[in-house]
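# Remarks on the overall topology
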Amino acid sequence: MAENKYKTKPLDCWNEAKQLRENYYKNFVRAHEVGGIRWAGGAWSFSAVPAGLGDDVYSLTGEPYGATVAFNKEFAEECHDAIEAKGYARDLCAYMRNYWGSIVLNKYAWGGEWPKPDFLWTTHICCSHAKWYQVAGELEGGVPYFCVDVSVGPYNERSERKLNYIVSQMMDGIEWMEKVTGRKYDDEKLIQAVYDECRATSLWAEICTLNKAIPAPLDEKTMYSLYVLGTLMKHRKECADFYEKLRDEVKDRVANGIAAVGNERFRVMTDTQPPWAFLELWRYLQKYGVVSIGSLYTFGLIGIFEVKEDGTWGPRISPQDRGIEIETREQALRVLAEWTLSRPEWQHFYSPELKSDMMKRIVKEWHVDGVMLHYNRGCEGLSMGIAENKLALREAGIPVMHFEGNMGDEREFDLERTKAEIAAFLEILGAK
Amino acid sequence: MEQDFFKKFHEWYQNRHEYAKEWKEKTGGTVLGYFCTYVPEEIIYAAGVLPVRILGSHEAQSVTEPHIFAMFCPLCRDCLAQGLQGRYDYLDGIMIAQCCLHMRQAFTSWKKHIPLEYNYYLYMPHGIQTPRAHPYLRGELEDFKKSLEEWTGKKITDQSLDHAIQVYNENRRLMKQVYEFRKEKNPKLTGLEAMEMVVSGQMTDKKEHNQALKELLKELPKRQVNRETGTRLMILGSEDDDAEFLKMVESSGATFVIEDHCTGSRYFWDEVVPQEDRLSAIAARYIDRSPCPSKDWPDRTRLPHILKLAKDYDVEGTLLIQQKFCDPHELDIPSIRTHLEKNGIPTYFLEFDVTVPVGQFKTRVEAFLETFQLPTDLF
């Protein structure tokens, strides 16, 4: 066990993060009791759009829900069994199987029966997403469903035509929502939600940028519980407000040299979703003074970054901070589409090189000593190009290892074997 | 000895690389390899370039492991292996029309490790059921056309597009005419012959392919079928050009009378309906064609299409095959099974890898085929 070099303390706002998450899942269940609306879709959904239906609109995003189930191995196993019995393959997205399994079992991870949504609203980002909610709607006995196709390429190839394609679908989606809910759409609420989403996602990028400091004020295991709010409700005021508070606290930790891991001697980064039922691996690293400072996944699934004047990565300045005033529905949707396409954890769908470059940037700017890639059998979307990333990192002279597993299906994860692989890597880094 | 009606197609299928090399030598032209049948071949053909589909060889290989995580489908790895092993060394360029993540990985790795003078990623929309896809794809095709013009140094005129559309539509029409013979009580062609006919068309100059189809259509009505048809099967699922498998099933008391594969009917079923704006017409054809499951949402349009095929071709049973790890098909297969079975068509599922365990599959297929036999046939 490496000795402590730095002072450390838990986050003051930790409990607030936990509470926000719990409220989110419970509010979804209670939505109908207060006359509200429930919708479900992917974490990548344009969640600001349904916000125009009113303040009593609650969402359930599928991936974080799937991760919640994964954390509970027994329930996850029940879900897998239930959906496999319906003929779905066990190599499909593990989050999706956890989600579908909950529907089939009529069991909600937060207790009680499955809360059927009033409509489904998502985006198609990988081979699974549009099909995920197609099947979910069928399993739920028929739920109105709208999916926005965003497959227009990486941010550096954006064009007016591509934005028009996405925006026009969202415009259609709003008309569709009015029909299926019988509610009149409020553009002012949409505009506010877009502002809040840009604020929240820029703030998360700022928080991640603060982790460049040595010692790192946050470790990745803690970050998992914080970034998740962005995957649940990136468009909501309470999410942006919480990230503001968190940003201030992390700034304070950096100023006062407060470490996430008191014995920090080595810094690593990971890649893709972790095997949620085995987060003890991150504690195992800390035993040897190794802190995982994050990953492209924890930073860039929610955080929106940009290259600053000095060439380094930092939070993208939000439209409102650039003085842009959103006045119309169309403009709000255009801002939202353009902002979303710049998400780091999107570019890899088009080019492993774009992802490798971002990873090399993190290694350099966050002072990373080695990279641990999770070859994640549970998510082909984020595992796309991962072998090429490994080659590129190795070519750049960066120590890199991979371990194979599954973010949401414990049957495909071997804890002891992975520990042995990580131990060998730590020896190579000189940490063990 | 029976005349070999499909010899030409078989030879092209077997000797695809030799064909392309000879074509280059003969014409001095350029060859563009493509990864998915959503590629608008008409535009490539109009540019005077030969489009050839990149497919695997169904042989075990170990060269793709460093490039593609093994949980991705065998087809994408097999395709990349062909490139890494130099079998497509005559290609001048490669392209993909946006499809599944798997094939996209094969494309990006090929682009990185086998540098060629031209590569293109066409942002074919996934949302083919939204009317917004039409103007969007039309614009993307305009960009693609410009890119081809820059590469070849030749203008693609309306006249050359009209010619290409005419050649491709004729090819589709001719193959549909051949498929009519599969409806007969004793089909005049097997599933293997049909597959080689279709896939060879993905690797040869359509003009030559059309000529061979016309000759076939003259002779085919005279063909005396000297084999038992057995159970009339439909085969559905991922790409399938596994000749050994098709041969095995068709020598076990069955005939494939129709399929829904991108190596079969799905490739050629729909024509370009001419419009004044040629690119709009081509965009409409690729958006409205029989879809790959990766694009079949929010509605399941494949279900009525598949059922209609089954009825039109008097199908008794269906084999659902899927390339291991192929998510789009894994996501469709349960509902297709339910739909077919509700409509009285039994199904059987098989998972494919680069190579197929023919012996084991034979036992399983025979067990499925036995279910169609009357008790008197069994004993």
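Here the structure is a predicted model, which means the values were calculated and not measured. (Residues numbered from 1 in each chain as written. Chains lettered and ligands numbered in written order. Predicted model: local features only at pLDDT ≥ 70, side-chain atom pairs only at ≥ 80, totals over all residues. Heavy atoms only, no water.)

### Let's talk about the overall build of chain A
A tally of helices and strands in chain A yields 17 helices and 10 strands. Computed over C-alpha atoms, the radius of gyration of chain A comes to 21 Å, within 12% of the 22 Å expected from 2.2 N^0.38 for 432 residues, which places it in the range of a compact globule. Classification of the 432 residues of chain A by burial places 66% in the buried group. The contacts of chain A with a sequence gap of at least 6 include a subset with a gap of at least 24, amounting to 77%. Accessible area of chain A: about 14700 Å², with a carbon and sulfur share of 48%. Considering chain A, the positive charge centre built from 53 side chains and the negative charge centre built from 65 side chains are found 2 Å apart. (Helix = DSSP H or I, 4+ residues; strand = E, 2+ residues; numbered from the N terminus. Rg over C-alpha atoms; globule rule 2.2 N^0.38 Å. Buried < 20%, exposed > 50% of the residue type's maximum accessible area, 1.4 Å probe, protein only. Contact = heavy atoms within 4.5 Å. Areas by Shrake-Rupley, 256 points an atom, 1.4 Å probe, with all protein chains shown as cover. Lys, Arg positive; Asp, Glu negative; His and termini not counted. Charge placed at Lys NZ, Arg CZ, Asp CG, Glu CD.)

### Re the overall build of chain B
Scanning chain B from N- to C-terminus turns up 16 helices and eight strands. What you see for chain B is a C-alpha radius of gyration of 20 Å, in line with the 21 Å of a compact globule of 379 residues. Overall, the C-alpha framework of chain B stretches about 70 × 45 × 40 Å when taken along its three principal axes. Out of the 379 residues belonging to chain B, those deemed buried represent 63%. Once local pairs closer than 6 in sequence are excluded, the contacts in chain B between residues at least 24 apart make up 75%. Both charge centroids of chain B, one from 48 positive and one from 58 negative side chains, sit 2 Å from each other.

### Quick look at the sheet that holds strand S2 (residues 50-53) of chain B
Residue and element names in this part refer to chain B. The four strands lie next to each other as S2-S1-S3-S4, forming an open sheet whose pairing is parallel. Two strands lie at the open edges of the sheet, namely S2 and strand S4 (118-122), each paired on one side alone. Here the average twist between neighbouring strands, direction ignored, is 25°. In this structure, strand S1 (residues 31-34) lies alongside strand S3 (residues 93-97), joined through three bridges in parallel fashion. Each bridged residue has a counterpart across the sheet, and for Leu32 the counterpart in S3 is Gly93. Seen against the sheet, helix H5 (residues 101-113) touches S3 and S4 and runs at an angle of roughly 155° to S3. (Pairing = 2+ DSSP bridges. Axes fitted to C-alpha atoms, helices over the stretch in contact; angles between N-to-C directions.)

### Quick notes on a negative patch on the surface
Residues and elements named next belong to chain A. A contiguous patch of negative charge, built from Glu74, Glu77, Asp81 and Glu410, is present on the exposed surface. Of note, Glu74 is situated in helix H3 (residues 73-84). Judged by its relative accessible area of 57%, Glu74 is exposed. (Patch = residues over 30% accessible without salt bridge, like charges linked within 9 Å, V, L, I, M, F, W, Y side chains within 5 Å. Salt bridge = Lys/Arg side-chain N within 4 Å of Asp/Glu carboxyl O.)

### Some remarks on the sheet that holds strand S3 (residues 119-124) of chain A
All names here are of chain A. With parallel pairing, the four strands of this open sheet are ordered in space as S2-S1-S3-S4. Each of the sheet's edge strands pairs with one partner strand only, and the pair in question is strand S2 (57-61) and strand S4 (145-149). Strand-to-strand twist across the sheet, computed as the mean angle between neighbouring axes with direction ignored, equals 25°. Summarising the sheet, S3 and S4 pair through five bridges and their orientation is parallel. Of the residues in S4, the one forming a bridge with Trp121 is Phe146. Sheet strands in contact with helix H2 (residues 62-71) are strand S1 (37-41) and S2, and its direction is about 60° off that of S2. Running over the sheet, helix H6 (residues 160-181) touches S1, S3 and S4 and is turned about 170° from S4.

### Concerning the packing of aromatic side chains
Here the structure, examined in full by the defined rule, presents 55 aromatic pairs over all chains. Considering the side-chain rings of Trp346 of chain A and Phe349 of chain A, the 5.4 Å spacing of their centres and the 55° angle between planes classify their relative orientation as tilted. Per residue, the accessibility class of Trp346 of chain A equals that of Phe349 of chain A, and both read buried. Ring geometry for Phe9 of chain B versus Trp12 of chain B: centroids 6.0 Å apart, planes at 75°, classification edge-to-face. On the criterion of helical spacing, the pair formed by Phe9 of chain B and Trp12 of chain B is a turn pair, its members being three residues apart in helix H1 (residues 7-14). An aromatic cluster is defined as three or more aromatic residues linked by ring pairs; in this entry it consists of Trp44, Trp346, Phe349 and Tyr350 of chain A together with Phe35, Tyr88, Tyr90, Phe107, Trp110, Tyr121 and Tyr123 of chain B. Above the face of the Trp366 of chain A ring, Lys212 of chain A is positioned so that its terminal group lies 4.7 Å from the ring centre. (Phe/Tyr/Trp six-rings, centres within 6.5 Å; stacked < 30°, edge-to-face > 60°. Lys NZ or Arg CZ within 6 Å of the ring centre and 35° of its normal.)

### Observations concerning the nonpolar core
By size, the foremost hydrophobic cluster in this structure holds 295 residues, and its most contacted members are Val49, Tyr99 and Trp100 of chain A together with Phe245 of chain B. Here this core gets 13 residues from one element, more than from any other, and that element is helix H7 (residues 187-210) of chain A. The residues touching Trp100 of chain A, leaving out its near neighbours within four places in the chain, are Ile83, Tyr88, Leu92, Lys131, Trp132, Val135, Ala136 and Leu139 of chain A together with Leu331 of chain B. (Core = buried A, V, L, I, M, F, W, Y, C linked by side-chain atoms within 4.5 Å.)

### Overview of unusual backbone geometry
Geometrically, the link from Ile214 of chain A to Pro215 of chain A is a cis peptide bond, its omega value of 0° lying close to zero. As for its position among the elements, Pro215 of chain A is in the loop between H7 and helix H8 (220-233). In the segment running from Trp297 of chain B into Pro298 of chain B, the intervening peptide bond is cis, with an omega of 0°. Tracing the backbone shows Pro298 of chain B in the loop between helix H12 (278-288) and helix H13 (302-312). Backbone geometry places Thr272 of chain A, a non-glycine residue, at a positive phi of 65°. Summarising the element assignment, Thr272 of chain A is placed in the loop between strand S5 (266-271) and helix H10 (280-287). Positive phi values are uncommon outside glycine, yet Asp314 of chain B reaches one of about 55°. If you trace the backbone, Asp314 of chain B turns up in the loop between H13 and strand S7 (317-323).

This is a description of form; function is not addressed.
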